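Each chain, written out:
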Amino acid sequence: MFNLDQYRHEWFGNIRGDALSGLVVALALVPEAIAFSIIAGVDPKVGLYASVVIAIVIAFVGGRPAMISAATAATAVLMGTLVREHGLQYLLAATLLAGVIQLGAGWLNLHQVMRFVSKSVMTGFVNALAILIFMAQLPELMGVPWMTYPMVALALLIIYLFPRLTTLVPSPLVAIIVLTIIAWFAQLDVHTVGQMGELPRALPHLLIPQVPLNLDTLMIILPYAVGVAAVGLLESLMTAQIVDEATDTTSDKRQESFGQGIANIASGFFGGMAGCAMIGQSGINVASGGRGRLSTFLAGAYLLVLMVVLGDLLRIIPMPALVAIMIMVSIGTFDWRSLLNLRTHPRSSSFVMLATVAFVVGTHNLALGVLVGVLLSGVFFAWKIAQIVEVTTELSPDGKQRIYHISGQLFFASAESFINSFDFADPAEQVVIDLTHAHIWDISSVASLDKAVFKFRKLGKQVTVQGLNEASATIVDDLGQHHKHDAEILLGH
């Protein structure tokens, strides 16, 4: 239920911190938005307009205050082929469709799939993103003027040491100001923001993608839209969870799903590409003191002002300052304790974490890496649960009846061990399968129960199945066959 007081607090509960952190984020967004535009094969203004529109819109309709959403590499890499083959207008159409799909995902509560993402996968996701953030800075550290390196070192010193003097002003903002002044007055030979690409000087305006409204167009953009919607939602929801933990607060994941959809639709109508939450920029925002929706809104608003009004000033900001900020984010994002935990955590958990990191870094595909991690977690969990099925037997005094007491979870992974627990050569004339302390989950376990009963009957033995709880009895009644052939089934509770 909507709470007006809480919503007002999310906007105005941290005005000074949000105002300053929003400025730091806006400055850091510029080179990234330009770089992501290049990745997608479009003009820099497409990524910059997207970052402005998405940040401003998500501030109002998102579910995670202080989280920054804008144009991202995760969505840009999916759009490159579409732009090369069909052009910018189809990218804008795909962006609109991706937003609609995300609205549908929110309506269907698909955000709840996050419950299946284990801690190991989350740690791998965070570590992989930290590595990717650092790797993204390497082009600005290789083959550049030598003065770049002492400038980056100076910026890092300011970022980490300035908070010891005061925390009234975010240290990343101080680093940007100091390095810009030094580079300008000393006329240092370092790369600047202006060398990244041409900055737009006009406000974004409302437009409708110029594409044919027919089935052929839909078939062209649908695969890209689905991919962008899925990757965007996955990264946004996982970033929201990370910000939750960093700020010790909660967020509305369903509202965030709706918000991402609305923001992408708005971006498409204003000439921007699709985007999603950015863990790096969100980390900068939180580290700089941002806690509310105002920080996200101002990041977009500042970026717009910087582009249109203060473009000349923005162009002279040295890239080493922004590189240093992103290095700070990568260091702060990486879970260093996870390296120590490799020796103490279960091997399966460590393997899942490392596999997630390897696939994300190797493919630069966040969705694929997380999917691999989730699948491995499921496999290891199923294997572990399958190992705890226990079977004990009891023979009646007269030797005519053998009772099998089954305990544990019966499903596809434990079905084979369940069958192997029976001694079909036992001379007892009557067999009782007691499932009082067991639970039947799927058709594989029902089929195994059928197989055991029919095999005993084939050997001329009388079989009784007893102790089924209500849920197990229901699935056996629906899917099983042995009770339809004069076998006796007794409910246990």
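Keep in mind the model is a prediction, meaning the values are calculated, not measured. (Residues numbered from 1 in each chain as written. Predicted model: local features only at pLDDT ≥ 70, side-chain atom pairs only at ≥ 80, totals over all residues. Heavy atoms only, no water.)

**Notes on the confidence of the model for the chain**
Here the chain averages 88 in pLDDT, while 98% of its residues score no lower than 70. Contacts for the low-pLDDT stretch residues 487-493, under 50 throughout, to residues beyond four places or in other chains number 24 contacts. (pLDDT = per-residue confidence, 0-100. Contact = heavy atoms within 4.5 Å.)

**Regarding a nonpolar patch on the surface**
A contiguous nonpolar patch, built from L157, Y160, L161, I331, W336, L339, L342 and L354 and spanning about 750 Å² of accessible area, is present on the exposed surface. Looking at the nonpolar patch, the element that brings in the most residues is helix α7 (residues 148-161), giving three residues. When its relative accessible area of 43% is taken as the criterion, L339 is described as partly exposed. (Patch = residues over 30% accessible without salt bridge, like charges linked within 9 Å, V, L, I, M, F, W, Y side chains within 5 Å. Areas by Shrake-Rupley, 256 points an atom, 1.4 Å probe, with all protein chains shown as cover. Salt bridge = Lys/Arg side-chain N within 4 Å of Asp/Glu carboxyl O. Helix = DSSP H or I, 4+ residues; strand = E, 2+ residues; numbered from the N terminus. Buried < 20%, exposed > 50% of the residue type's maximum accessible area, 1.4 Å probe, protein only.)

**A closer look at the pairing of strand β5 (residues 430-440)**
Among the eleven residues that make up β5, eight are buried, leaving the element largely enclosed by the rest of the structure. Remark: the strand β4 (residues 401-410)/helix α18 (residues 415-420)/β5 crossover connection has right-handed handedness. Note: β5 against strand β6 (residues 462-468), five bridges, orientation parallel. Bridging from a neighbouring strand, V432 pairs with T464 of β6. Following the backbone out of β5, through helix α19 (residues 443-458) and into the adjacent parallel β6, one traces a crossover that is right-handed. (Right-handed = clockwise from strand over helix to strand, strands pointing away. Pairing = 2+ DSSP bridges.)

**Details of helix α2 (residues 15-40)**
Between the first and last C-alpha of α2 there are 35 Å, a value that for 26 residues agrees with the 38 Å anticipated at 1.5 Å per step. By the largest-angle criterion, L29 marks the main kink of α2, which is about 30°, and a proline, P31, follows within four residues. Just downstream of α2 lies G41, where phi reads positive at about 80°. (Expected span 1.5 Å × (residues − 1). Bend = angle between axes of the 7 residues up to and from the residue.)

**Some points on the pattern of salt bridges**
Applying the stated criterion across every chain yields a total of six salt bridges. A salt bridge links D5 to R8, with the nearest nitrogen and oxygen atoms 3.0 Å apart. Of the two residues, D5 and R8 both sit in helix α1 (residues 4-12), three residues apart, roughly one turn of that helix. Overall, the relative accessible area of 55% leaves D5 in the exposed class. The residue R315 makes a salt bridge to D312 at a minimum N-O spacing of 3.6 Å. Taken as a pair, R315 and D312 lie in helix α13 (residues 311-315) at a separation of three residues, close to a single helical turn. You can call R315 buried: its relative accessible area is 16%. Connected through salt bridges with shared partners, the residues R64, D244 and K253 form a single ionic network.

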